[in-house]
Amino acid sequence: MPEAALWSLDEVMAATGGRLAGAAAPSSFDGVSIDSRTLAGGDIFVAITGERLDGHDFAAAALDKGAGIAIVARHDEAMRQAGALIEVDDPLKALERLGVAARARSSARIAAVTGSVGKTSTKEALRLALGASGPTHVSAASYNNQWGVPLSLARLRPDAKFAVFEVGMNHAGEITPLVGMVRPHVAVITAIAESHLGYFGTLADIADAKAEIFSGVEPGGAAVIARDTPYFAQLWVAAQKAGIDTVWSFGAHPEANARLEGMKLHEDCSCVKATISGETVAYRLGAPGRHMVMNSLAALAAVKLLGADLALAALKLSEMMPAKGRGLRLRLQVPDGSAILIDESYNANPTSMRAALALLGRTVPGRHGRRIAILGDMLELGEDAEAMHAGLATAIDDAAADVLYACGPNMAHLWNKVPAGRRGAYAATSQELKAAVVGDVRPGDVIMVKGSLGSRMGPLVDALTEKYPPRAE
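Let me begin by describing the structure that accompanies this report. What you see is a predicted model; the values in this text were computed from it and never measured. Per-chain numbering applies: the sequence of each chain, read as written, is numbered from 1 onward. Under the rules for a predicted model, residues below a pLDDT of 70 receive no local features and side-chain atom pairs below 80 are neither given nor counted, while totals for whole chains, interfaces and linings still include all residues. Neither water nor hydrogens contribute to the side-chain values; these are computed over all heavy atoms in the structure.

### Topic: the sheet that holds strand S8 (residues 109–114)
- Strands qualify as paired when DSSP identifies two bridges or more between them. Here a helix means four or more residues in a row that DSSP labels H or I, a strand means two or more in a row labelled E, and each is numbered from the N terminus. One open sheet holds the 9 strands; their spatial order is S9-S10-S8-S11-S12-S13-S14-S15-S16, and the pairing between them is mixed. Of all the strands in the sheet, the pair left with one neighbour each is strand S9 (136–138) and strand S16 (279–285). Each neighbouring strand pair of the sheet contributes to a mean axis angle of 15 degrees, computed without reference to strand direction.
- Sheet topology places S9 next to strand S10 (residues 162–166); 3 bridges connect them, and they run parallel. If you follow Val138 over to S10, its bridge partner there is Val164. Each axis is a line fitted through C-alpha atoms, and for a helix only the stretch in contact is used; angles between axes span 0 to 180 degrees, taken between their N-to-C directions.

In structure tokens:
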């Protein structure tokens, strides 16, 4: 039986309050997109105006490519000739209204996830875990901002049994309107760390900003927070003040509701035993690292609170694999052998950097191979950035890294702390580091690349994979 359309024309018109223009409109639509490059035939294209690009410049092309209709604030003859249009005062506001309408018609049990680190990994764990109990909608990629959240909501199908949304922020006050649209039954805060510290005075301020997620929790809903953190009491009080009576914690603490009983960490996976609100589960987690184990505990706590099958959920976590930029492992084909590349290039803060270095330390090089750390600046850390970069020297030691490649003005402080015998090369930018990195790969090496998105470490991964074609580990 064919799947029902995501939206009917009447529903879109009612939600957006827009006016029809251009060619005759189809009666239904299969998706929602803001990117003319990736939209599918039959999608609703929403012409959002961003910092760099204006979606109106691509609306005609989107319609020519097969979009069913375009939501615009203005239109010209080319757009009208290309296809059907809905004219609104503000396309982003129209997208928000469409998202709110999708949430209003949904009977899904919903989780929202925020945190300084681990949001996307926890969301992906929930995608697998909840999917074992029924159709589950999950926000794509890291769609967690002012356009990503309403776009993800607008794609929520009426027949979904569960849904998971990622909610992010750079500044105080940004989570409140987003979670007000999502209205989750369970709100998860993964961790409080130094991410975006430059925009806040202290980590406690970051905890307050993350706690905004509690403001949107549905009556009778629940919160899930880390127990092994100095901010546990602060977050617990914030949840209570928001009217949430059910507050669960996760971690190794003996009082945690989702409690770690034991784990064995391997290069490419982890074996875990845990107790989730009195129910014992043992499972294999496909993504390696202690931080991933903790994220899985948070996910299983949410699974239990949402009423899904815990045993099936734990079993599905074996399928969890690190994503590109977030720990994806590739085996590079190099002359006379192979090398392992750990791609952690998506983003970084001191907490996630230490976790990535721990993964490097846990991966055993081949014969005559080395552990190589290629690190770029961690951004938005404020006045303590110099000390936080230099402080990674102990993590380099703990990982038994043989060689450090570094780029960026802040990473210079780590570079200066590392013994001369461990220094590969330093450059002001990742582009200037490329030749040295690509030229120093030997059989048996284990290479880990990490830095903030603005440090552009991804192109170094691309350069390595272009020179040494990989296969997935």
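Now, onward.
### Brief notes about the packing of helix H5 (residues 119–131) against helix H10 (residues 290–306)
- Axis separation between H5 and H10 bottoms out at 9 Å; the angle between their running directions is 45 degrees. With respect to their mutual orientation, H5 and H10 come out oblique. The hand of the H5/H10 crossing is right-handed. Within the contact between the two elements, H5 uses Ser121, Thr122, Ala125, Leu126, Ala129 and Leu130 and H10 uses Met292, Asn295, Ala298, Ala299, Ala302, Val303 and Leu306.
- Throughout, the ten residues Ala, Val, Leu, Ile, Met, Phe, Trp, Tyr, Cys and Pro are labelled nonpolar, Asp, Glu, Lys and Arg are labelled charged, and all others, Gly among them, are labelled polar. Grouping the constituent residues of the contact of H5 with H10 by class yields 10 nonpolar, 3 polar and no charged. Geometric relationships in this document are graded by angle, where less than 35 degrees denotes roughly parallel, more than 145 denotes roughly antiparallel, 65 to 115 denotes roughly perpendicular, and other angles denote oblique. By definition, any crossing whose near helix is turned counterclockwise from its far helix by less than a right angle is left-handed, and any crossing with a clockwise turn is right-handed. Residue contacts follow a heavy-atom distance rule, with two residues in contact if any of their heavy atoms lie within 4.5 Å.

### Things to note about the packing of aromatic side chains
- Whether two aromatic rings pair depends on their centres lying within 6.5 Å, for rings of Phe, Tyr and Trp, where Trp uses its six-membered ring; planes under 30 degrees apart make the pair stacked, over 60 edge-to-face, and the rest tilted. Tallying each qualifying case throughout the model produces 2 aromatic pairs.
- Arranged with centres 5.2 Å apart and planes meeting at 65 degrees, the rings of Tyr143 and Trp147 form a pair that is edge-to-face.
- A relative accessible area of 26% places Trp147 in the partly exposed class.
- Considering the side-chain rings of Trp415 and Tyr426, the 6.1 Å spacing of their centres and the 40 degrees angle between planes classify their relative orientation as tilted. A residue pair is termed long-range when its members are at least 10 positions apart, and Trp415 in helix H15 (residues 411–415) and Tyr426 in strand S21 (residues 423–427) qualify at 11 residues.
- Exposure is judged per residue with a 1.4 Å probe applied to protein chains only, and the accessible area is read against the type maximum: over 50% gives exposed, under 20% gives buried, and values in between give partly exposed. Residue Tyr426 is classed as partly exposed on the basis of its relative accessible area of 32%.

### Considering the side chain of His185
- With respect to the helices, strands and loops of the structure, His185 is situated in the loop between helix H7 (175–182) and strand S11 (186–189).
- Here His185 falls in the buried class, since its relative accessible area comes to 15%.
- Setting aside chain neighbours within four positions, we find His185 in contact with Arg103, Ala108, Arg109, Ile110, Val217, Glu218, Gly221, Ala222 and Leu306.

### Concerning helix H12 (residues 350–362)
- Multiplying 1.5 Å by the residue count of a helix minus one yields the expected span of that helix. Over its 13 residues, H12 extends 18 Å from the first C-alpha to the last, a length consistent with the 18 Å expected when each residue adds 1.5 Å.
- Here H12 has its buried residues at Pro350, Ser352, Met353, Ala355, Ala356, Leu357, Leu359 and Leu360.
- We call two N or O atoms a polar contact when they sit within 3.5 Å, provided that within protein one can donate a hydrogen and the other can accept it, with sequence-adjacent residues counted only if both atoms are side-chain atoms. Structurally, the start of H12 carries an N-cap: the backbone nitrogen of Thr351 is 3.0 Å from a side-chain oxygen of Asn349.

### Quick notes on the side chain of Ser452
- Looking at where Ser452 falls in the secondary structure, it is placed in the loop between strand S22 (446–450) and helix H17 (458–467).
- Look past the residues within four positions of Ser452 in its chain and what remains in contact with it is Tyr346, Asn347, Ala348, Asp377, Met378 and Leu379.

### Considering the sheet that holds strand S5 (residues 43–46)
- If you walk across this open sheet you meet the 5 strands as S2-S7-S6-S5-S4, and the pairing is mixed. Each having just a single partner strand, strand S2 (19–22) and strand S4 (31–33) make up the two edges of the open sheet. Neighbouring strand axes in the sheet, compared pairwise and without regard to direction, differ in orientation by 25 degrees on average.
- As judged from the 3 bridges shared by strand S6 (residues 69–72) and strand S7 (residues 84–87), these two strands associate in the parallel manner. Of the residues in S7, the one forming a bridge with Val72 is Glu87.

### Focus: the state of the cysteines
- Note on disulfides: each one is a pair of cysteine sulfur atoms within 2.5 Å. All told, the structure shown has 0 disulfides when counted by the stated rule.
- Cys271 supplies the cysteine sulfur nearest to Cys269, a cysteine that is in no disulfide, at a spacing of 5.1 Å.
- Under the relative-accessibility criterion, Cys269 is labelled buried at 8%.
- Residue Cys271 is classed as partly exposed on the basis of its relative accessible area, which comes to 35%.

### Description of the pattern of salt bridges
- Whenever a carboxyl oxygen of Asp or Glu lies within 4 Å of a side-chain nitrogen of Lys or Arg, that contact is scored as a salt bridge. Under the definition given, this model contains 21 salt bridges.
- Here Glu218 makes a salt bridge to Arg103, at a shortest N to O gap of 3.9 Å. Here the residue Glu218 occupies a position in the loop between helix H8 (203–210) and strand S12 (222–226), and Arg103 occupies one in helix H4 (residues 91–105), the gap between them amounting to 115 residues.
- Residue Arg103 is classed as buried on the basis of its relative accessible area of 4%.
- Where salt bridges share partners, they join Lys123, Glu124, Arg127 and Glu166 into one cluster.

### Describing the nonpolar core
- Residues enter a nonpolar core if they are buried and are Ala, Val, Leu, Ile, Met, Phe, Trp, Tyr or Cys, with the set joined through side-chain atoms within 4.5 Å. By size, the foremost hydrophobic cluster in this structure holds 85 residues, and its most contacted members are Val32, Ile44 and Phe214.
- By residue number, the principal contributor to this core is H7, which donates 5 residues.
- Not counting residues within four places of it along the chain, the set of residues in contact with Phe214 comprises Ala187, Ile189, Ala223, Ile225, Leu235, Ala238, Ala239, Ala242 and Ile244.
- The next biggest cluster of nonpolar side chains, apart from the first, holds 44 residues, and it includes Leu130, Val281, Ala299 and Leu305.

### Looking at the packing of helix H16 (residues 430–438) against H17
- At a minimum axis separation of 9 Å, H16 and H17 run at an interaxial angle of 30 degrees. Of the possible angle classes, the one that applies to H16 and H17 is roughly parallel. Where H16 crosses over H17, the handedness of that crossing is right-handed. In this structure, H16 uses Ser430, Leu433, Lys434, Val437 and Val438 to contact H17, whose residues at the interface are Leu460, Ala463, Leu464 and Lys467.
- The residue inventory of the contact of H16 with H17, partitioned by class, reads 6 nonpolar, 1 polar and 2 charged.

### Things to note about the environment of Leu297
- Turning to its location among the elements, Leu297 is positioned in helix H10.
- With a relative accessible area of 0%, Leu297 lands in the buried category.
- Excluding anything up to four places from it in sequence, Leu297 contacts Phe250, Gly251, Ala258, Leu260, Ala274, Ile276 and Tyr283.

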